[in-house]
Structures are given as C-alpha cells and as structure tokens.
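Each chain is listed here by its residues.
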Amino acid sequence: MPYVIGSACIDVKDGACQDVCPVECIYEGGRMMYIHPTECISCGICLSVCPVDAIFADDELPERENRFLAINAEFFEDGVTGWGEPGGASETFRTDLDHPEVAGVEKKETELS
Ligand code: F3S
C-alpha cells in the first residue's frame, strides 16, 4: 500500500487530496478520507496538498499512526464498506461510514460562540 491517510484527517476532511488524485483512489468516509491500497499509484501529489499533513508513505508512517495502514485497507473490506476495488471514487462510492476505530475516536471539542 503506497500512501496512507492518518488521524489528522479525522473531522478535518479538507478534500484537497481527492481533488488532485489522478486515479481517484481517495474515498470519502464519514469523518475522514481513505486511500485505496491497490488503486493508489504512489504519485505522492496528495501529500503536498494536505493542509494538516495527514498523508504518509506506508514506510514512513510515524509509529503512533501505524494502525492507519490497516484502517485505510479495511475500510474497503466487508467489515466496513465491502466495496473491494471500486475502480475510482464517485458519488456512488462515498459514505457516512467509517472504520470502527475511526468512528470510536472522540470528537474534538468545538468552540462555543
Ligand atoms: Fe484529509 Fe488532508 Fe485529504 S485533511 S481529506 S488527507 S487533504
């Protein structure tokens, strides 16, 4: 799996990565985006546009982000979306679902006005 989206994307989901991906391998979940493990061609363009530096090469993941290697892959498996290899993100392949470990992350406090 070439590139992986990590925890910094949760509840940010800026979307710039999806706009620049040439093969549409970045899919939208409820609280974050997920990179498809076999559709990604490792071009690295997404890394340079993410405003919160949420994206890593799989062999450069910080230890605290290690689980996200599996989390990105498992998002496409039966336990979450069951999409397998959809062949490209589209309106059909976006969802409010998240990997259970992401769904379980406590929401950041929002500022009260
Ligand atoms: Fe998330 Fe960064 Fe993309 S915040 S949606 S990985 S641009």
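Provided above is the structure to which this section pertains.
The sections below set out a description of the structure shown in this document. Please read all numbers here as calculations on a predicted model, not as lab measurements.

1. Details of the site of the ligand
Inference 1: The immediate surroundings of the ligand are formed by 14 residues, with Cys9, Gly15, Cys17, Met33 and Cys50 found nearest.
Inference 2: Tallied by class, residues from the shell around the ligand come to 11 nonpolar, 1 polar and 2 charged.

2. Quick look at the pattern of salt bridges
Inference 1: As enumerated under the stated definition, the model contains 7 salt bridges in all.
Inference 2: Where Arg94 meets Glu28, a salt bridge forms, and the shortest distance between an N and an O atom there is 3.4 Å. Highlighted residues: Arg94 in the loop between α3 (67-74) and α4 (100-103) and Glu28 in strand β2 (residues 26-28), separated in sequence by 66 residues.
Inference 3: For Arg94, a relative accessible area of 29% gives the class partly exposed.
Inference 4: The partner of Glu65 in a salt bridge is Arg64, and the shortest N-O contact between them spans 3.7 Å.
Inference 5: We classify Arg64 as exposed; its relative accessible area is 68%.

3. Observations concerning the state of the cysteines
Inference 1: Inspection of every chain in the model, using the stated rule, returns 0 disulfides.
Inference 2: No disulfide involves Cys43; its sulfur sits 6.1 Å from the nearest other cysteine sulfur, which is in Cys21.
Inference 3: Relative accessible area serves as the criterion here: at 40%, Cys43 is assigned to the partly exposed category.

4. What to know about the nonpolar core
Inference 1: Of all hydrophobic cores here, the largest spans 29 residues; its most connected members are Ile5, Ile26, Met32, Ile35 and Ile55.
Inference 2: Going through the elements one at a time, β1 (3-5), β2, β3 (33-35), β4 (55-57) and α3 are the ones with two or more residues in this core.
Inference 3: Not counting residues within four places of it along the chain, the set of residues in contact with Ile55 comprises Tyr3, Val4, Ile5, Cys17, Ile35, Cys46, Leu47 and Cys50.

5. What to know about the packing of aromatic side chains
Inference 1: Across all of its chains, the model carries 7 aromatic pairs by this definition.
Inference 2: Here Tyr34 and Phe75 contribute two aromatic rings whose centre-to-centre distance is 3.8 Å and whose plane-to-plane angle is 5°, an arrangement assigned as stacked. Taken as a pair, Tyr34 in strand β3 and Phe75 in the loop between α3 and α4 lie far apart in primary sequence, 41 residues in all.
Inference 3: Using a relative accessible area of 0% as the deciding quantity, one classes Tyr34 as buried.
Inference 4: Phe75 gets classed as buried once you look at its relative accessible area, which sits at 0%.
Inference 5: Cluster of aromatic residues (ring-pair linked, three or more members): Tyr27, Tyr34, Phe75, Phe76, Trp83 and Phe93.

What counts, and where the lines are drawn
Residue positions within a chain follow its written sequence, with the count starting from 1. In keeping with the model being predicted, local features are shown solely for residues with a pLDDT of at least 70 and side-chain atom pairs are shown and tallied solely at 80 or more, while totals for entire chains, interfaces and linings include all residues. Side-chain measures were taken over the full set of non-hydrogen atoms in the model, leaving aside hydrogen atoms and water. In this text, near means that some heavy atom of the residue lies within 4 Å of the molecule or strand in question. Note that Gly is not counted as nonpolar here; it falls among the polar residues with everything else outside the nonpolar set of Ala, Val, Leu, Ile, Met, Phe, Trp, Tyr, Cys and Pro and the charged set of Asp, Glu, Lys and Arg. A side-chain nitrogen of Lys or Arg and a carboxyl oxygen of Asp or Glu constitute a salt bridge if their distance falls within 4 Å. The helix count covers DSSP runs of H or I at least four residues long, the strand count covers runs of E at least two residues long, and both are numbered beginning at the N terminus. Note on classification: 1.4 Å probe, protein chains only; a residue is buried when its accessible area is under 20% of the maximum for its type, exposed when over 50%, partly exposed between these limits. The disulfide criterion is simple: two cysteine sulfur atoms within 2.5 Å. Only buried residues count toward a nonpolar core. Its members are Ala, Val, Leu, Ile, Met, Phe, Trp, Tyr and Cys residues joined through side-chain atoms within 4.5 Å. What makes two residues a contact is simply this: any of their non-hydrogen atoms within 4.5 Å. A pair of Phe, Tyr and Trp rings is counted when the ring centres sit within 6.5 Å of each other, with Trp represented by its six-membered ring. The angle between the planes then sorts it: under 30 degrees is stacked, over 60 is edge-to-face, the rest tilted.

None of this, on its own, says anything about what the molecule does.
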